[in-house]
Every structure is written in structure tokens, then in C-alpha cells.
Amino acid sequence: MTTESNCETPSYDITCRMSHEAAALERLCQVVRVRGFRIAQMAVDSADGTLNIALTIQGKRPVAMLQSQLEKLHTVAEVKFAAPVVAAASRIA
Amino acid sequence: MNGAQHILQAFHHHNIETVFGYPGGCIMPLYDALVDDVSVEHVLCRHEQGCALAADGYARASGKLGVCIATSGPGATNLITGVANAYQDSIPMLVITGQVPSALIGTDAFQETDVLGMTLGIVKHSYLAESADELPGILEEAIELAQSGRPGPVWIDIPKDVLLAETSAAPAYAPAQPKATRPELTCAIAMLRDARKPLLYSGGGISLAHAEDSFREFAKCSELPAVVTLKGIGNAGKHSAHNLGMLGMHGSRAANRAVDECDLLLVIGARMDDRATGKLDGFAPNAKTIHIDADASEFNKLRNADIAIRGDLNTILKELTQAIRDTPLAINDWRKQCQTWRTTGGFQAADNEEPLAPITGPAFISQLSRTAPDDTIIACDVGQHQMWVAQHYQFDRPRHHLTSGGLGTMGFGLPAAIGAQFANRNSTVINVTGDGSFMMNAQELATIRRYNLPVKLIIMDNQCLGMVRQQQELFYNNRESHINLDDNPDFVAMARAFDIPALKIDRTDQVRRGIETILAYNGPMLLHVAIAREENVWPIVKPGGSNKEMIDETRRTAADKKEKIA
Ligand SMILES: Cc1ncc(C[n+]2csc(CCOP(=O)(O)OP(=O)(O)O)c2C)c(N)n1
Ligand SMILES: [Mg+2]
């Protein structure tokens, strides 16, 4: 995808808590991708069998749809969204 | 007990009596344990895709969990289409595969594939069992998960060493309590009462929730005009006076018209698939929406709901019935209007009276519907014949109509019929298939023979991939491309090679006798029905078009004529 196409793409910060099972992160990333979002940043730490993930994602689809899909994952305990921000590039433009 | 024996113990514990599988290297410890277990019936299919689709058919027809088993590598990859099929239609399924020994994972070992990675998008959940100690807990959780809430396939990949390792671990799993939702039922009922033209729109979720009876009761009590999705066929029962039939791409004019004109859609257990809604902009343009489903992620996905209620459909339907029973809905004009549409725009069972005329798809299916016993289960394949069944067979129960709705998997019907027959030993089970679809899992004829299943097979042979041909004709300027099957094998001889008797018919006057013959035969039998290559399914909505723009035969012929004159 070109940078241009990202210009007006809203960006969202998510935090997600999920159990640290085989393929946990792949599962999360797969859902984000297939439901129409791109991961721009990702930070992960793990403690006591739990993964804490902070993600910045970009996408034009309604983000509530992604939230309900992520919450549906069996290993996901919690998904929190920070208020949406429009991608920096579009503010400059 | 080793890991493999724990699997069988979990089967016993959950009354899993029939499983469909195919052995191989990494799953051998489980097959070894099966030797000593007489209470689990293992059905050997002839291809892992057959196993998965048979497990799917078993689950659809019975409402129970379907179980399939395969080895690592090619065994697992062969399962994938069947598991994706179950995922798309939310069928409860447990999938068990052997994996290469733990120490070899990641070394490109013989028959190693990354099953977990490959299947993320087609499972409700999946596990790689990393030790025998965790296996009993995983099994409990997987079996519960596959069947609870919105059902779906759950896959457990088990390295061979885990199957062999001894463990005394007990299954420990406390199912999470479903999150309490406060159903906004009161608002929904008020909205229903305010509506002048409310329409009930139900789908496969009704039977998935085992809510067939509560749905019937609500439909009867509310007397709401109703439409169904492909997977909802049978929800209303064949005697329902208010059922307008299937909506969507090949739906009835009556159903699509009612959706277009209604002012309230009461959607229950349906996900507004594009084959049902057509172009979303033009779908039920004047209607508010109440959406009731087990899965909250379906709300507002494709159409915004004015009221969304997540929960157990059984409970919600009972509460709705209670509310309506006290004060019936005052919508008589709307009911009358829908009745008129039903009479003029329902599916007419086109009977062909001319004895020597070629057999037509709709007339054949209508005759089958009149002749087959009430408890008949029809397992369809995918194509024109599938739509003729949906349009012209009168189903009284959703579990009697097995069809691959979400994935549209050619080759579904034969293994699904096998699964359905195992689930209902005394019912008549018929696979209605096409000449293309039949060849996708024809190896399963051997499974029918081996277990002497009395499955009836009906091949609607138009010597082509008819559904694709139809769309090429209508939407690609009649440029036929790779749809010709006029070199099909001799299906009668083929069935006989599997020791299954067969007969062929190609004239209208042979239809009734042909159907009666296979139904009366005590065992499996195949009926090869030759039909015209040019026949189309009517009406049809152009893919991506609005349901308002249904094309039917007369309109197309008129357009053709105009073109020719021009
Ligand atoms: C596995 C698979 N491959 C391809 C398709 C695309 N497809 C849909 S219908 C169809 C033709 C089916 O032919 P046949 O079984 O003969 O049925 P007919 O339409 O002729 O009744 C095809 C190729 C599919 N649905 N599934
Ligand atoms: Mg065909």
C-alpha cells in the first residue's frame, strides 16, 4: 500500500490482554488484518501466562466491528480502545 | 493412560459415539487406542475432506458435535475445506490431528505442516497440545467451546509424543459464564407493535440454537409474514401460511418484494449474508431493524440495527411469544398483501405434463418433494440443482435440509449425506448432486458401500458446471469458459463399480417411477437424471445487484428479442 493511501486513514490505539497460548499473537494479528486494519505499531510484554499488547492500527472500517471480533477470540480477556485519532499525515495535509 | 486414551475417555464422557477419520503416521497412537475401544464407532472415509464434511453433515442433521480425525501434513491439509465449510456455517465440530513429535516441530520434518498457523482463519479456536498433562483440560474446553454460544469448529493439533505420553491429569475446565446482557426486549416489542409492515427474517441460527420449536411457536402466534435464508429453510414448517420462502439471489419474488416494502425487519439468527441481501443500499430501504443473535459481532456488521439483542434465541423467542400472545399484532392489511404476493410470486412447482419431454430441474424436485417420506433428509451439493432444491422442495424442518451455505462447497453433499445417515439410521437420506459436484467426492461411494448405508444419490446431470454456465450466459455475454462436462463418466457404471445399483432416466414420464424405485430399494441406490444443458435457475439477481432487480425468464427472453430486433 502507498503512503498516500494512508493519509486519510484513521488510526486507533488499542490495548489487549490475552492468554499466552500457542499462536496467540498470530491469531490477534490475523483478525486485525482480515477485518480491514493494518498494524502500525505493536508492543508486547508477558507476565504470568498473560500477554499485554499495545497496538496502533489504521483502517477505514468502523473500529467497533474490529473490537467485537477481537473480544470474541477465546483467549482474549479484554480489549480497550483509546479515542480515535486521524493519522498525522492527514492533519498536515 | 496415555494422551490418546484420554481422547477416547473424553469421547465417552461427552457421549461422542461416532467419529469420522483417516489414519496415518503421527495419529497412529490414537488409532492404536481405538483397537481396544468398541464403544466409539470410527467411520473410515476415503479422503480426509470426506471425513470433515461427513462430520459436518452428522452435526447438521443431529444437532450434536461432529468429530473428525486425521494425521499430520496431508491429512490435515485435506481436512481444511471441510473445516472451513463448518466454520462458515457455524457447525459444532471437533477436529483432531496428529502432529510430528514436539522435538521435530519447526524442522520441516516428514509430514510436518504448521496446522495452527494454516487454520487460524477457519476455526472458532485451536490448540497445539504441548504436553499430555494439558490434553484432558484442552479436550474438555474444546468440546464445550465448539458447541456453546455461536458454535463452530475447534481444532486440536497433537504431537505424536503427546499422544504417547502417560498422564494422570484430570480434565479441569470451568466454562466461563456467558456475559449477562440485558435484553432490550421491551423496546423491541414496542417497535414491533408500532410497525405497520413488520417482516420476520430468520436464518440458520434457529437450528444452531436448538430453537426450532420456540421459533415455530413465535411464528404461529405472531402470524408475522416471514422470509428465510438458505440455511433457514424449514424454520417455518411447510404448512406455515405466512412463509414467503427464501429471499436473496435466487429467492422468491414474494420474499424479495416483502423485504423491499416492509417497515420493520425482525432478524433472528441470520447474518445478512450478501447472497441474501444483494446490494446493501437497496436492501429493505424503508425498514427499521431489530437484530437478535447469539453473536454480538454480527450486529451492525453489514446493516445497522436499531435494536440489537444478544442472547440465547430459545429464551428470547419464548419471551417474544409471551408478549405477543397477550395482544396480537394488528397488521391484517399487510398480511393480506403478503398473501397476494405469495400466490403470485412464490415458487410455482412447474410440472411438465408432456410425457416424452426432457426432465426439468424444478419439476423433478417438486416430484421428489411429493414422493419422499416426511422424515427425509436432503443433502445438497452446490450449483443450480442446489437452488432448485431450495426453491421447490417443501422442507418441514431445518435439519432436513443440509446445504453448504456460507462456503458453497462443491462435494459437500455426498459425505454430508453419509454423516446424516449415521446420525439418523432409520431416516431416508438423499444426496441431490450435480455432475460437477458429484465428482468432487465420488470416492465416498466406497464409504457408503463399506457401511452399507441406504443413502440415495440423485445426480442432476446437465453435462456442465451449470451455475457457472448460467452466469456466463447472463452476465458474461454468453462467453462459455471451461464449464463443459460432456465427457462425464458413465455414472451408472461408476456406481455399479462400487457395487451400488443405479439407473438412468431422461424423460418426464420416467421421473415418478425412477424416484419411487430408488426410495423403495433397501440399500444405497443411484439415480442418474439427465436434464437439459441450457436450463437456468429463475429468478436471479445479478451478483452485486439489488434484490429489487430480479431477472426472470420472461424478462430475459423479452430483452433477448429486443436485442435481436435491434
Ligand atoms: C469446490 C468448489 N469449486 C468451485 C466452485 C464454483 N462453482 C459453484 S457452482 C459450480 C458448478 C457446479 O456444477 P454442478 O455440480 O454440475 O451443478 P449444476 O450447477 O450444474 O447444477 C461451480 C464450479 C464451488 N462452489 N466449489
Ligand atoms: Mg452440472
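K.L.:
When you look at the domain arrangement of chain B in this model, what are you seeing that I'm missing?
P.N.:
Put simply, an interface is often sized by how much accessible area is lost when its parts join up. Residue and element names in this part refer to chain B. The domain architecture assigned to chain B consists of domain 1 (3-164), domain 2 (185-345) and domain 3 (361-535). Here the C-alpha centroids of domain 1 and domain 2 sit 36 Å apart. By the criterion of area lost to domain 2, the three top residues of domain 1 are Gly63, Asp89 and Arg150, representing 62% of everything that side buries. Between the two partners, domain 1 and domain 2, sit two salt bridges. Here Asp295 makes a salt bridge to Arg150, at a shortest N to O gap of 2.8 Å.

K.L.:
Before we go on, may I ask you to explain unusual backbone geometry in this structure?
P.N.:
When glycine is set aside, most residues are seen to have a negative phi, and most peptide bonds are trans. All names here are of chain B. Cis geometry marks the peptide bond from Trp538 to Pro539; its omega dihedral reads -10°. In this fold, Pro539 is placed in the loop between β18 (525-530) and β19 (540-541). Its identity is not glycine, yet Gln463 carries a phi of approximately 55°, on the positive side. Following the sequence through the fold, Gln463 ends up in the loop between β16 (456-461) and α20 (466-475).

K.L.:
Whenever I open this one, the pattern of salt bridges confuses me. Can you help?
P.N.:
Pairing of side chains with opposite charge becomes possible as their charged atoms draw close. Residues and elements named next belong to chain B. A complete count under the given rule lists 22 salt bridges over all chains for this structure. Between Asp552 and Arg253 there is a salt bridge whose closest N-O contact spans 3.1 Å. Taken as a pair, Asp552 in the loop between β20 (550-551) and α23 (553-565) and Arg253 in helix α11 (residues 253-261) lie far apart in primary sequence, 299 residues in all. When its relative accessible area of 31% is taken as the criterion, Arg253 is described as partly exposed.

K.L.:
Got a minute to help me understand the site of ligand 1 in this structure?
P.N.:
Residues and elements named next belong to chain B. Within the structure, ligand 1 sits among 17 residues, and Gln384, Gly408, Gly436, Ser437 and Gly466 are positioned closest to it. Separating an oxygen atom of ligand 1 from a side-chain N or O atom of His385 is a distance of 2.8 Å. Between ligand 1 and the protein, one listed contact pairs a nitrogen atom with a backbone N or O atom of Gly408 at 2.7 Å. In isolation ligand 1 exposes 590 Å². Once the protein is present, 76% of that is buried. Here the shell around ligand 1 is built from residues that sort into seven nonpolar, nine polar and one charged.

K.L.:
Help me understand helix α22 (residues 511-520) of chain B, please; the structure alone is not making it clear to me.
P.N.:
Counting along an α-helix, one turn takes 3.6 residues, and residues three or four places apart therefore face a common direction. Residues and elements named next belong to chain B. Turning to α22, its buried residues are Val511, Gly514, Ile515 and Ile518. Here the buried residues of α22 occupy an arc of 95° about the axis, which is enough to place them on one side. Exposed side of α22, more than 90 degrees from the buried face: Arg512, Arg513 and Ala520 are the residues found there. Buried residues belonging to α22 abut α15 (361-371), β16, β17 (502-505) and β18.

K.L.:
Whenever I open this one, the interface of chain B and chain A confuses me. Can you help?
P.N.:
On the side of chain A, twelve residues touch chain B, which itself brings 19 residues to the contact. Roughly 1,300 Å² of surface becomes buried between chain B and chain A when both sides are summed, with 55% attributable to carbon and sulfur atoms. For the chain B face of the interface with chain A, the top three residues by lost area are Leu120, His125 and Ser297 of chain B, together amounting to 42%. Here chain B is connected to chain A by one salt bridge. Summed over the shared surface of chain B and chain A, the number is six residue pairs in polar contact (both at pLDDT 80 or more). Contributions of two or more residues to the side of chain B that touches chain A are made by α5 (115-119), β5 (125-128) and α6 (135-147) of chain B. Top contributing element to the side of chain B that touches chain A by residue count: β5 of chain B, with four residues. For the side of chain B that touches chain A, the residue count by class is eight nonpolar, six polar and five charged.

K.L.:
Explanation requested: the sheet that holds strand β6 (residues 153-159) of chain B in the structure shown.
P.N.:
Pairing between the strands of a sheet is mediated by backbone hydrogen bonds and can be parallel or antiparallel. Residues and elements named next belong to chain B. Across the sheet, six strands lie side by side as β2-β1-β3-β4-β6-β5; this open sheet has parallel pairing. Only two strands of the sheet have a single partner each, and these edge strands are β2 (41-44) and β5. Sheet twist, expressed as the mean angle between neighbouring strand axes with direction ignored, is 20°. Sheet topology note: the strand β4 (residues 93-99)/β6 ladder contains seven bridges and is parallel. Following the sheet pairing, Gly98 is matched in β6 by Ile158.

K.L.:
Just to check I follow, could you spell out the packing of aromatic side chains for this structure?
P.N.:
Two descriptors summarise a pair of aromatic rings, namely the distance from one centre to the other and the angle between the planes of the rings. Residue and element names in this part refer to chain B. One pass over the full model with this rule turns up eight aromatic pairs over all chains. For the ring pair Phe20 and Phe422, a centre distance of 5.9 Å and an interplane angle of 75° mean the geometry is edge-to-face. Here Phe20 is found in strand β1 (residues 18-21), whereas its partner Phe422 is found in helix α17 (residues 413-423), with 402 residues between them in sequence. Relative accessible area serves as the criterion here: at 0%, Phe20 is assigned to the buried category. On the basis of relative accessibility, which here comes to 5%, the residue Phe422 falls in the buried class. Of the aromatic side chains, those joined through ring pairs into one cluster are Phe20, Tyr58, Phe422 and Tyr451.

K.L.:
When you look at helix α3 (residues 63-72) of chain A in this model, what are you seeing that I'm missing?
P.N.:
Within α3 of chain A, burial applies to Val63, Met65, Leu66, Ser68, Gln69 and Leu70 of chain A. Looking at the packing, one finds that the buried side of α3 of chain A touches β1 (10-19), α2 (24-34), β3 (50-58) and β4 (76-81) of chain A.

Reading guide: rules and limits
- Residues numbered from 1 in each chain as written.
- Chains lettered and ligands numbered in written order.
- Predicted model: local features only at pLDDT ≥ 70, side-chain atom pairs only at ≥ 80, totals over all residues.
- Heavy atoms only, no water.
- Domains from an automatic or database assignment.
- Buried area = accessible area lost by both parts, 1.4 Å probe.
- Salt bridge = Lys/Arg side-chain N within 4 Å of Asp/Glu carboxyl O.
- Helix = DSSP H or I, 4+ residues; strand = E, 2+ residues; numbered from the N terminus.
- Buried < 20%, exposed > 50% of the residue type's maximum accessible area, 1.4 Å probe, protein only.
- Near = heavy atom within 4 Å.
- Polar contact = N/O pair within 3.5 Å; in protein donor to acceptor, adjacent residues only side chain to side chain.
- Areas by Shrake-Rupley, 256 points an atom, 1.4 Å probe, with all protein chains shown as cover.
- Nonpolar A, V, L, I, M, F, W, Y, C, P; charged D, E, K, R; others polar.
- Arc of directions from axis to C-beta.
- Contact = heavy atoms within 4.5 Å.
- Pairing = 2+ DSSP bridges.
- Axes fitted to C-alpha atoms, helices over the stretch in contact; angles between N-to-C directions.
- Phe/Tyr/Trp six-rings, centres within 6.5 Å; stacked < 30°, edge-to-face > 60°.

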